[in-house]
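A closer look at the structure
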Amino acid sequence: MSDVSRRAQLILLKNDLHVLRGRAERLDLPELVSLLSEAMAVISKQPELPKSEQPPV
C-alpha cells in the first residue's frame with residue numbers, strides 16, 4: 001500500500017469515527033464516545049511509513 005493510500009485510508013477512518021462519535025453523543029452513550037475518542041487519538045498518532053518500509057509502487 002502506498003503511503004498516500006495509507007494516509008488517505010487513515011483520514012477516512014478518522015472521519016468515520018468522528019461521525020460515529022457524534023451519533024454516540026446524541027444517543028447519550030458516554031462509554032462509546034470515550035472509546036471512539038481513544039481510537040481517533042491512536043489513528044492521529046500513526047507515523048508515516050519510512051521510505052525503506054514502503055512497498056514498491
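Residue numbers run consecutively from 1 along every chain, following the written order of its sequence. Totals for whole chains, interfaces and linings use every residue, but because this is a predicted model, local features are given only for residues with pLDDT of at least 70 and side-chain atom pairs only at 80 or more, for both listing and counting. Water and hydrogen atoms play no part in the side-chain values, which are based on all heavy atoms of the structure.

**Concerning the packing of helix H1 (residues 3–26) against helix H2 (residues 30–44)**
Counted only if it meets this: In this analysis an axis means a line fitted to C-alpha atoms, helices contributing only their contacting stretch, and an angle means the value between N-to-C directions, from 0 to 180 degrees. Only DSSP runs of H or I reaching four residues or more are called helices, and only runs of E reaching two or more are called strands; each is numbered from the N terminus. Note that the term roughly parallel is reserved for angles under 35 degrees, roughly antiparallel for angles over 145, roughly perpendicular for angles of 65 to 115, and oblique for everything else. In this scheme the handedness of a crossing depends on how the near helix is turned from the far one: anticlockwise by less than a right angle means left-handed, clockwise means right-handed. Contacts: residue pairs with any heavy atoms within 4.5 Å of one another.
Close contact between H1 and H2 brings their axes to 9 Å; oriented N to C, the two are set at 165°. Looking at the two axes, H1 sits roughly antiparallel to H2. Crossing angle aside, the handedness with which H1 passes H2 is left-handed. Here H1 contributes Leu10, Leu13, Lys14, Leu17, His18, Leu20, Arg21, Ala24 and Glu25 to the contact with H2, which in turn contributes Leu32, Val33, Leu36, Ser37, Ala39, Met40, Ile43 and Ser44.

**A word on a nonpolar patch on the surface**
Keep this limit in mind: Like charges within 9 Å and nonpolar side chains (Val, Leu, Ile, Met, Phe, Trp, Tyr) within 5 Å are joined into patches, using only residues over 30% in relative accessible area that form no salt bridge. Per-residue and other accessible areas were derived by the Shrake-Rupley procedure at a 1.4 Å probe size, with only the shown protein chains allowed to occlude residues. Put simply, a salt bridge is a Lys or Arg side-chain nitrogen that is within 4 Å of an Asp or Glu carboxyl oxygen. Relative accessibility decides the category of a residue: with a 1.4 Å probe and only protein chains considered, values under 20% of the type maximum give buried, values over 50% give exposed, and everything between is partly exposed.
On the surface, Leu27, Leu29, Leu32 and Leu35 cluster together into a nonpolar patch covering about 380 Å² of accessible area. Along the chain, the position of leucine 35 falls in helix H2. Judged by relative accessible area, which is 53%, leucine 35 ranks as exposed.

**What to know about the nonpolar core**
Selection rule: Put simply, a nonpolar core is a bunch of buried Ala, Val, Leu, Ile, Met, Phe, Trp, Tyr and Cys residues held in one set by side-chain atoms that sit within 4.5 Å of each other.
Of all hydrophobic cores here, the largest spans six residues; its members are Leu17, Ala24, Val33, Leu36, Met40 and Ile43. Only H1 and H2 provide two or more residues apiece to this core. The biggest single contributor to this core is H2, with four residues. Once residues lying within four places of it in the same chain are set aside, the contact partners of valine 33 are Arg21, Ala24 and Glu25.

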